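# Working through the structure, step by step
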Amino acid sequence: MGARRGHEVLERFRAHPAQVWHRGVRVQDVTSEPGLANGVRSLAGLYDFQWQQANVTLETDPLTDQKVARSFSIPRTPTELERVGAAMLRSSEYSMGMMGREPSYLNRAMSAYAGAAEFFRDGDRAYGDNVTQYHRYLRANDLSLTHTLLNPRPNRLAGPARQADPLLAAHVHEERDDGLVIRGARMLATLPLSDELMVFPARLPDGPEESARYAFAFAIPTATPGLKFICRDSVDYGFNGFDHPLGSRFEEMDAVVIFDDVLVPWERVFCYRDVNICNAAAVRTGALAQMAYQVVCKNIAKTEFLLGLASMMVDGSGLESFQHIHEKIAEVWVNLTTLKAFKRASESDAQANEYGVFTPAWDPLDASRNLYPRLYPRMVEIIQQIGASGLVAMPTQADLDGALGDEIRYYYQSARLEASERIPLYRLAWDAAVSAFGSRQVLYERFFFGDPVQMASAVFKDKDRSGSIEKVRRLLQESHRFGH
Ligand SMILES: Cc1cc2nc3c(=O)[nH]c(=O)nc-3n(C[C@H](O)[C@H](O)[C@H](O)COP(=O)(O)OP(=O)(O)OC[C@H]3O[C@@H](n4cnc5c(N)ncnc54)[C@H](O)[C@@H]3O)c2cc1C
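What you see is a predicted model; the values in this text were computed from it and never measured. (Residues numbered from 1 in each chain as written. Predicted model: local features only at pLDDT ≥ 70, side-chain atom pairs only at ≥ 80, totals over all residues. Heavy atoms only, no water.)

### Re the sheet that holds strand E5 (residues 145-148)
Across a sheet, strands are paired by hydrogen bonds formed along the backbone, either parallel or antiparallel in direction. On the basis of which strands lie adjacent, the open sheet formed by 4 strands has the order E5-E8-E9-E12 and mixed pairing. Two strands lie at the open edges of the sheet, namely E5 and strand E12 (269-272), each paired on one side alone. Taken over all neighbouring pairs, the strand axes of this sheet differ in orientation by 20 degrees on average, direction set aside. Pairing between strand E9 (residues 216-221) and E12: 3 bridges, direction antiparallel. Among the inter-strand pairings, Phe 218 is bridged to a residue of E12, identified as Val 269. (Pairing = 2+ DSSP bridges. Helix = DSSP H or I, 4+ residues; strand = E, 2+ residues; numbered from the N terminus. Axes fitted to C-alpha atoms, helices over the stretch in contact; angles between N-to-C directions.)

See below:
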């Protein structure tokens with residue numbers, strides 16, 4: 001089959017309905033459900049977009065000679081890696097980075113797993129082959145993935161085994177000849193409106209024996225019996241595109257995942273019981289770096305959008321003579337240039353990992369993922385500071401078309417924009433910086449890659465700072481001698 005087009009995405013959702021719950025009811029058809037359908041339509045649009053941009057986003061699969069998404073590539077050379085980056089950047093531009101969980105993010109994880117299939121081999125279990133076969137299946141059918149890696153943790157200081165109720169977290173309830181039966185919950189899967197669910201190994205801080213029944217990675221269709229997705233309330237209010245330019249298109253949704261005795265066939269299991277493999281998988285396979293590479297591409301697209309938006313607001317409202325405005329625009333530009341530099345550095349220092357897969361350098365990507373949770377909320381704040389009351393003095397399309405239309409067109413003009421130009425621009429700014437959609441984007445950027453506090457602690461503990469310390473030590477010694 002190869003790379004899909006939008007109508008095929010919609011047809012598959014209708015043919016394989018997952019158990020998605022929204023606002024208290026089980027959704028019959030996500031392609032028509034208010035609050036969800038527009039996001040699904042945009043996801044489908046992304047698959048059409050990949051054909052419009054085929055020279056960048058698609059490549060020929062050497063095994064089947066079909067056109068497939070480049071985000072499934074297992075790069076063996078620097079050029080192949082950079083082509084993946086170019087494809088992901090282009091694809092992120094489709095939603096201006098607002099669909100953080102567009103499929104290329106997890107395609108990179110699964111491609112890294114497949115490139116390192118050897119890592120998953122475990123005695124006579126064919127886990128490595130499962131990974132290889134699954135990656136081929138995904139690529140050949142161009143399926144979308146959602147994923148979950150967090151266990152419910154009422155007690156944040158313990159793993160799943162040492163919670164007051166150790167049955168809360170998804171665990172192996174039964175081992176059968178035909179697979180594992182999973183019971184319990186996993187927290188938060190963004191883009192639950194996907195074809196497949198990938199269950200990543202969760203971090204397992206408790207002892208290896210007690211953690212064994214939580215130690216697994218697998219992938220199953222979202223329409224598997226017993227699998228339930230409980231969505232948060234949609235931030236697509238049902239407004240039109242004029243009133244809600246982002247939320248009416250790019251609501252990707254987040255859901256808690258319940259496993260109600262879900263059978264996972266053995267051929268879909270990638271690892272099981274080995275806590276060391278689970279804890280090491282993301283780093284050793286290169287999946288974390290490949291995903292972070294997609295994230296920096298997405299962040300470039302998102303920051304470019306904010307730079308354009310802020311610049312148009314400044315120009316439209318004639319704010320260019322104020323020095324603090326210069327500072328704010330400069331700040332966003334510096335952020336954009338920094339992200340581009342991170343991307344470039346990760347490419348130029350990329351190396352083949354132990355499985356021969358070209359993997360972007362981790363440190364620039366790690367710096368980027370530690371920084372962006374602070375940059376993004378700040379840039380949204382800048383949009384608020386530039387927009388001020390313009391972000392709430394904002395009539396709807398119905399107001400413009402209604403009895404007061406002429407007055408609105410008269411009173412809502414700005415320094416350089418007619419009301420008909422100013423209102424949509426400021427509605428866009430409101431949606432980026434004030435609406436529920438905009439707030440959820442801020443929350444997403446703060447947390448989706450992990451708790452920023454614990455990520456910073458990992459930097460503190462793991463990064464080699466000895467070279468810097470040595471330089472200071474030398475200076476102190478020199479200063480001491482200089483003084484005598
Ligand atoms: C919009 C959104 C989308 C997401 N999408 C996905 C997804 O698709 N798949 C997925 O698997 N996950 C997803 N996540 C979850 C994400 O991985 C977590 O939010 C992140 O790991 C933080 O965990 P938590 O939300 O449970 O925070 P909590 O653990 O509840 O943290 C709450 C507060 O307590 C502090 N805290 C907690 N524990 C510690 C500690 N040990 N040391 C210091 N401080 C601590 C935190 O710093 C924070 O301030 C998403 C999150 C969001 C917000």
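Next comes the rest of the write-up.
### What to know about the domain arrangement of the protein chain
Split by domain assignment, the protein chain resolves into domain 1 (6-283) and domain 2 (296-450). Taking the mean C-alpha position of each, domain 1 and domain 2 sit 27 Å from one another. Taken residue by residue, the interface counts 38 residues in domain 1 and 35 residues in domain 2. If you sort the residues of domain 1 by the area they bury against domain 2, Leu 81, Met 98 and Phe 242 come out on top, with a joint share of 20%. Remark: the boundary between domain 1 and domain 2 carries 3 salt bridges. Note that Asp 254 is salt-bridged to Arg 440, the shortest N-O span being 2.7 Å. (Domains from an automatic or database assignment. Contact = heavy atoms within 4.5 Å. Buried area = accessible area lost by both parts, 1.4 Å probe. Salt bridge = Lys/Arg side-chain N within 4 Å of Asp/Glu carboxyl O.)

### Focus: the site of the ligand
Near the ligand, the surroundings consist of 20 residues, among which Arg 101, Arg 153, Arg 156, Thr 190 and Asp 451 are the closest. Arg 101 is positioned such that a nitrogen or oxygen atom in its side chain is 2.5 Å from an oxygen atom of the ligand. A distance of 2.7 Å is found between a nitrogen atom of the ligand and a side-chain nitrogen or oxygen belonging to Thr 190. For the ligand, whose unbound accessible area comes to 960 Å², protein coverage reaches 73%. The set of elements that each furnish at least two residues to the shell around the ligand consists of E5, strand E7 (179-190), helix H16 (436-447) and helix H17 (452-462). (Near = heavy atom within 4 Å. Polar contact = N/O pair within 3.5 Å; in protein donor to acceptor, adjacent residues only side chain to side chain. Areas by Shrake-Rupley, 256 points an atom, 1.4 Å probe, with all protein chains shown as cover.)

### Quick notes on the UniProt feature "domain: HpaB/PvcC/4-BUDH C-terminal" (unreviewed entry) in the protein chain
Feature annotation in UniProt assigns "domain: HpaB/PvcC/4-BUDH C-terminal" (unreviewed entry) to the following positions: residues 278-476. Helix makes up 75% of residues 278-476 and strand 2%. Its end C-alpha atoms lie 45 Å apart. (UniProt positions renumbered as here; feature names shortened; annotations may be inferred.)

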